[in-house]
Amino acid sequence: MILFFGTRPGKIEVKQLLNIACPFCNQTGTLKISKTSNWFHFFWIKIFRISSNTISECSHCKRVYFEEEFTEDMKNEI
Ligand SMILES: [Zn+2]
């Protein structure tokens with residue numbers, strides 16, 4: 001009997017931060033939050049979440065912020 005299990009990525013959630021200014025270029029409304037997560041699955045049924053990653057990208061200066069670099073304002077908006 002073959003067992004199918006492993007990890008697979010969950011869906012990506014994207015959220016635009018309309019009222020937050022980019023700490024690098026000071027443009028407002030250019031930051032976008034992307035949330036990804038990895039799931040442990042068994043026969044393609046999601047069992048539990050292993051890890052999740054949240055990053056933010058500015059569409060103006062293209063700077064990427066990782067979760068530990070988020071400002072207090074950005075954290076409050078998530
Ligand atoms: Zn920027």
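What comes next is a walk through the structure. Here the structure is a predicted model, which is why all the values come from computation and not from measurement.

Structural notes on the coordination of the zinc ion
Inference 1: In this structure, Cys22 (SG), Cys25 (SG), Cys58 (SG) and Cys61 (SG) serve as the protein donors to the zinc ion, at separations of 2.3 to 2.4 Å.
Inference 2: Each of the four donor atoms bound to the zinc ion contributes to angles spanning 105 to 114 degrees, and the resulting shape is tetrahedral.
Inference 3: Sequence spacing of the donors to the zinc ion: C-x2-C-x32-C-x2-C. Separated by 39 residues along the polypeptide, cysteine 22 in the loop between β2 (13-17) and β3 (31-42) and cysteine 61 in the loop between β4 (45-58) and β5 (64-66) bring together distant segments of the chain.
Inference 4: We classify cysteine 22 as buried; its relative accessible area is 0%.
Inference 5: Take cysteine 61: its relative accessible area is 25%, and that puts it in the partly exposed class.

Structural notes on the nonpolar core
Where a protein is soluble and globular, its nonpolar side chains tend to be buried together.
Inference 1: Counting nine residues, the largest nonpolar core consists of Leu17, Ile20, Cys22, Leu31, Ile33, Cys58, Tyr65, Phe70 and Met74.
Inference 2: In contact with methionine 74, other than residues within four places in its own chain, are Leu17, Ile20, Pro23, Leu31, Ser56 and Tyr65.

Some thoughts on a nonpolar patch on the surface
Inference 1: A cluster of nonpolar residues, Phe4, Phe5, Phe42, Phe43, Trp44, Ile45, Ile47, Phe48 and Ile50, forms a patch on the protein surface that exposes about 900 Å² of accessible area.
Inference 2: It is β4 that provides the largest number of residues to the nonpolar patch, a total of four residues.
Inference 3: By secondary structure assignment, the location of isoleucine 50 is in strand β4.

The rules behind the values
Residues numbered from 1 in each chain as written. Predicted model: local features only at pLDDT ≥ 70, side-chain atom pairs only at ≥ 80, totals over all residues. Heavy atoms only, no water. Donors = N, O, S within 2.8 Å, 3.2 Å for Na, K, Ca; no water. Tetrahedral: all angles 85-135°; square planar, octahedral: opposite > 155°, others 65-115°. Helix = DSSP H or I, 4+ residues; strand = E, 2+ residues; numbered from the N terminus. Buried < 20%, exposed > 50% of the residue type's maximum accessible area, 1.4 Å probe, protein only. Core = buried A, V, L, I, M, F, W, Y, C linked by side-chain atoms within 4.5 Å. Contact = heavy atoms within 4.5 Å. Patch = residues over 30% accessible without salt bridge, like charges linked within 9 Å, V, L, I, M, F, W, Y side chains within 5 Å. Areas by Shrake-Rupley, 256 points an atom, 1.4 Å probe, with all protein chains shown as cover. Salt bridge = Lys/Arg side-chain N within 4 Å of Asp/Glu carboxyl O.

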